[in-house]
Amino acid sequence: DTLFCGGCGKLFEASANQMHASLARLTSRLARNARIFSGHEYTVMLLTMAVLKEPHNQEAREALREAKKKRAAKKPTVPSTLSQELTYNPWLRASVDEIAVLCGCTH
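**Describing the side chain of T27**
Here's step 1: Note that T27 resides in helix α1 (residues 16–29).
Here's step 2: On the basis of relative accessibility, which here comes to 15%, the residue T27 falls in the buried class.
Here's step 3: Apart from residues no more than four positions distant in its own chain, T27 is found in contact with R32, L82, L86 and L92.

Printed below as a string of structure tokens:
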């Protein structure tokens, strides 16, 4: 449970350093058009958090609006693409220290 649409998993057994390294590996190895199929439907919750963390990120706001519409219609919000995630998922652009803050812990 590393990468979800709009966010990332919680740090239960890994450190912020490990999460950052894992996300960096994903973003460096995957093609930008790679589709992200997360195993859980957390998109609305995670995009809500993304908008709170980056209130001026219009891509995050639009992704949240679209995700809410899909869920209201009982449709899945997945997949997304790595390219999309890089525009609105703050965890993918965060430093190690920012990952710790975003996940609500220290490293």
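**Re unusual backbone geometry**
Here's step 1: Here the amide bond leading from V78 into P79 is cis, since omega sits at 5°, within 30 degrees of zero.
Here's step 2: Position of P79 relative to the elements: it lies in the loop between α3 (58–72) and β4 (80–81).
Here's step 3: Here the phi dihedral of K74 falls at roughly 60°; this positive angle occurs in a residue that is not glycine.
Here's step 4: The topology assignment puts K74 in the loop between α3 and β4.

**A short note on α3**
Here's step 1: With 15 residues, α3 should cover 21 Å at 1.5 Å per step; its first-to-last C-alpha distance of 21 Å lies within 8% of that length.
Here's step 2: Every buried residue belonging to α3 is among A60, A63, L64 and A67, and all of these are buried. Axial view of α3: buried residues confined to an arc of 105°, hence all on one face. Within α3, the exposed residues directed more than 90 degrees away from the buried face are K69 and A72.
Here's step 3: On its buried face, α3 sits against α2 (43–53) and α4 (82–88).
Here's step 4: In this structure N57 caps α3, since a side-chain oxygen of it lies 3.0 Å from the backbone nitrogen of E59.
Here's step 5: Directly after α3, the chain includes K74, whose backbone phi takes a positive value near 60°.

Rules and cut-offs
Residues numbered from 1 in each chain as written. Predicted model: local features only at pLDDT ≥ 70, side-chain atom pairs only at ≥ 80, totals over all residues. Heavy atoms only, no water. Helix = DSSP H or I, 4+ residues; strand = E, 2+ residues; numbered from the N terminus. Buried < 20%, exposed > 50% of the residue type's maximum accessible area, 1.4 Å probe, protein only. Contact = heavy atoms within 4.5 Å. Expected span 1.5 Å × (residues − 1). Arc of directions from axis to C-beta. Polar contact = N/O pair within 3.5 Å; in protein donor to acceptor, adjacent residues only side chain to side chain.

Read these as geometric descriptors, not functional statements.
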